[in-house]
Amino acid sequence: MSPIPELYESVKERITCAAQKAGRNPSEIELIAVSKTWPADTIAELIECGHDLFGENRVQELVAKVPMLPARLRWHFIGHLQQNKVRKILPLAETIHSVDSSDLARRIDLIAAELGLFPKVYLQVNTAGEAGKFGFSVAQVREEFDSLLELERIEIIGLMLIPPLASDPSLTRREFVALRELRDELTARCGLPITGLSMGMSRDYEIAIEEGSTAVRVGSSIFGSRKSRKVKE
Ligand SMILES: *Cc1c(COP(=O)(O)O)cnc(C)c1O
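Residues numbered from 1 in each chain as written. Predicted model: local features only at pLDDT ≥ 70, side-chain atom pairs only at ≥ 80, totals over all residues. Heavy atoms only, no water.

(A) Up close: helix α7 (residues 169-190). The first and last C-alpha atoms of α7 sit 32 Å apart over 22 residues, in line with the 32 Å expected at 1.5 Å per residue. Listed in full, the buried residues belonging to α7 are Thr172, Glu175, Phe176, Leu179, Leu182, Arg183 and Leu186. Seen from one end, α7 has its buried residues packed into an arc of 120°, which puts them on one side. Seen from the buried face of α7, the exposed residues on the opposite side, beyond 90 degrees, are Arg174 and Ala188. Where α7 is buried, its residues contact α6 (138-149), β6 (155-160), β7 (196-198) and α8 (205-210). Of the residues flanking the start of α7, the one acting as N-cap is Asp168, its side-chain oxygen 2.9 Å from the backbone nitrogen of Ser170. Once α7 ends, the next one or two residues include Gly191, with phi positive near 70°. (Helix = DSSP H or I, 4+ residues; strand = E, 2+ residues; numbered from the N terminus. Expected span 1.5 Å × (residues − 1). Buried < 20%, exposed > 50% of the residue type's maximum accessible area, 1.4 Å probe, protein only. Arc of directions from axis to C-beta. Contact = heavy atoms within 4.5 Å. Polar contact = N/O pair within 3.5 Å; in protein donor to acceptor, adjacent residues only side chain to side chain.)

Set out below in structure tokens:
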């Protein structure tokens, strides 16, 4: 028997508990099931549980999977997006979590106008200033945010974070807090409700919810370990 229904229920319960513990309404938190590396058959098992929101981090993989699955599913793109792939991804993904530069934001805006689309995006922020990692620095977001708001086709719905791998959860929490504070600062400055915080993965989504996450991206806690899957193949 597939472990997916039970794992899925347990993730949903833990989301509810973490929200309640933080005095938040669980319905404020979107669960994006990260289906990367898993085939359509496996994704179908989660669809049967009533889930319809999925995240993928590779363009080719998303392009291949979408036609194999029901058209009513919603797809979010969560991986680094090369500018020459924007045209492929926009008709398929309603939201892009990983807008990591102003150049990419402008490119998405341009292609969206050509295609007649209004994509929602998160700006990915490298709050910890990790070298070699994608994302705006905090200083760049502060500097470039107002001009990004002027782009007509993209709707900036929030900020996104992939925290550094830390064995100490308090270090991860610090990054979540930094993202929330940056979001609050930008919201106060522009007077617009930029409410979204895409943060939290299998290892840390409860902490992320305690710190205000509105979108958790959970893969292995729902589908199982991607590592064991590779061994099987
Ligand atoms: C893979 C991935 C996730 C999910 O990771 P898990 O640890 O399997 O929950 C979340 N966000 C991004 C950007 C990812 O690439």
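What follows picks up the thread again.
(B) Summary view of the pairing of strand β5 (residues 120-124). Buried residues dominate β5, accounting for four of its five residues. Pairing analysis gives three bridges linking strand β4 (residues 95-99) to β5, with the strands arranged parallel. In the sheet register, Ile96 faces β5, and the bridge partner there is Val121. Read as a crossover between parallel neighbours, the route from β4 over helix α5 (residues 102-115) to β5 is right-handed. Both β5 and β6 contribute to a ladder of five bridges, which runs parallel. The residue bridging Gln124 from the neighbouring strand is Met160, located in β6. (Pairing = 2+ DSSP bridges. Right-handed = clockwise from strand over helix to strand, strands pointing away.)

(C) Geometry of the packing of aromatic side chains. Enumeration over the complete set of coordinates arrives at two aromatic pairs. With a centroid separation of 6.1 Å and an interplanar angle of 25°, the aromatic rings of Trp38 and Phe223 are classed as stacked. Note that Trp38 is positioned in the loop between β1 (30-34) and α2 (40-48) and Phe223 in helix α9 (residues 220-223), a separation of 185 residues in sequence. With a centroid separation of 5.7 Å and 40° between ring planes, the pair formed by Phe54 and Trp75 is classed as tilted. Of this pair, Phe54 sits in strand β2 (residues 53-56) while Trp75 sits in strand β3 (residues 74-77), and the two are 21 residues apart along the sequence. Classification of Phe54 by relative accessible area gives buried; the value is 0%. In this structure, Arg153 is placed above the aromatic ring of Phe118, and the distance from its NZ or CZ to the ring centre is 4.1 Å. (Phe/Tyr/Trp six-rings, centres within 6.5 Å; stacked < 30°, edge-to-face > 60°. Lys NZ or Arg CZ within 6 Å of the ring centre and 35° of its normal.)

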